[in-house]
Amino acid sequence: MAEVTLRFYEELNDFLAPALRKTAFVHACNRRASVKDMIESFGVPHTEVDLILANGESVDFSYIVKSGDRISVYPVFEGLDIGPVIRLRPAPLRTPRFVVDVNLGRLARYLRLLGFDCHYDNRYSDAEVARISVGESRTVLTRDRALLQQRIITHGYFVRADQPVEQVREVLARMDLYRLIKPFTRCTRCNGVLEKVDKQAVSAGLQPKTRKYYDEFQRCTRCGQVYWKGSHFARAGHLVAAIGSPPDLTAR
Ligand SMILES: [Zn+2]
């Protein structure tokens, strides 16, 4: 056995048993264990980790722990200056695109309503979510730690909040996405891009009251769903208002 002293920082503590939070503790692990496996044995997904120090030196996930090591594990720092940084993760994905796990359907719909590209299908298996994430360079959003522990996933985020609106706020804040909100640009049903369309072009398929009261329409370029400045826009407006401005993360 190798005996190491471990400490997890900031929100990585969310994953730990209460007695292990925000404190250094001694842990006995197998010799030849990689630091990645050791960290994940505590339920902390590797996608949450951005920096690991072994005895003050930055190491990567493949580092084999040795008896007597002091290991410090830091989370993904979003928008915080941590000085000289040696990051474990590949560079952030330039355009934020997501694949959303099956049990977060409302989060996916809300993110689409705000204009974010969210792949979601409630029939996907974990393996399919992982494959889409890697194949299409999409960040996984999930409440399932085991999914994030899949080795092939490089970009993922474990959503802490229970309520969908809070989940949206959390994702936007953690990934610094507030400035990229573009409401009414994406279909909530299929993730397709919306385009403006003449009333005349969609008139035949409208209910009489919709035809009478509304003049501005958009249509999904993928599934053909028609949206108008009625209930859909009002709902999006309420969501944008509920999400408000970025919370002050430094107060955490
Ligand atoms: Zn659509």
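The structure contained in this document is the topic of the report that follows. None of these values were measured; they are calculated from a predicted model. All chains use their own residue numbering, which begins from 1 and follows the written sequence. With the structure being a predicted model, the display of local features is reserved for residues of pLDDT at least 70 and the display and counting of side-chain atom pairs for 80 or more, all residues being used for whole-chain, interface and lining totals. Side-chain measures were taken over the full set of non-hydrogen atoms in the model, leaving aside hydrogen atoms and water.

## So, the coordination of the zinc ion
Formally: Metal donors were taken as nitrogen, oxygen and sulfur atoms no farther than 2.8 Å from the ion, or 3.2 Å where the ion is Na, K or Ca. Water is excluded, so coordination may look unfinished. Type-normalised accessible area, obtained with a 1.4 Å probe on protein chains alone, sets the label of each residue: buried when under 20%, exposed when over 50%, and partly exposed for intermediate values.
Of the protein atoms, only Cys187 (SG), Cys190 (SG), Cys220 (SG) and Cys223 (SG) coordinate the zinc ion, at distances of 2.3 to 2.4 Å. Exposure remark for Cys190: the relative accessible area of 19% places this residue in the buried category.

## Quick notes on the sheet that holds strand E10 (residues 194-197)
What counts here: Strands pair, by our definition, only if DSSP identifies at least two bridges between them. Strands are runs of DSSP state E lasting at least two residues, helices are runs of H or I lasting at least four, and both sets are numbered from the N terminus onward. Note on geometry: axes are lines fitted to C-alpha atoms, helical ones only across the stretch in contact, with angles between N-to-C directions running from 0 to 180 degrees.
Taken in spatial order, the three strands make up an open sheet running E10-E11-E12, and their pairing is antiparallel. Either end of the sheet is taken by a strand with one partner, and the two such strands are E10 and strand E12 (226-228). Averaged over all adjacent pairs, the angle separating strand axes in this sheet is 35°, with direction ignored. Here E10 pairs with strand E11 (residues 217-220) via four bridges, running antiparallel. Looking at E11, one finds that Lys196 is bridged to Gln218.

## Brief notes about the nonpolar core
Selection rule: In this description, a nonpolar core means a group of buried Ala, Val, Leu, Ile, Met, Phe, Trp, Tyr and Cys residues linked to one another through side-chain atoms lying within 4.5 Å.
The biggest cluster of nonpolar side chains holds 33 residues, and the ones touching the most others in it are Leu6, Phe8, Met38, Val44, Val65 and Ile71. Listing elements by their share of this core, those giving two or more residues are strand E1 (2-8), strand E2 (25-29), helix H1 (35-40), strand E3 (49-54), strand E5 (70-75), helix H3 (126-135) and helix H4 (145-148). Ranked by residue count, the leading element in this core is E1, at four residues.

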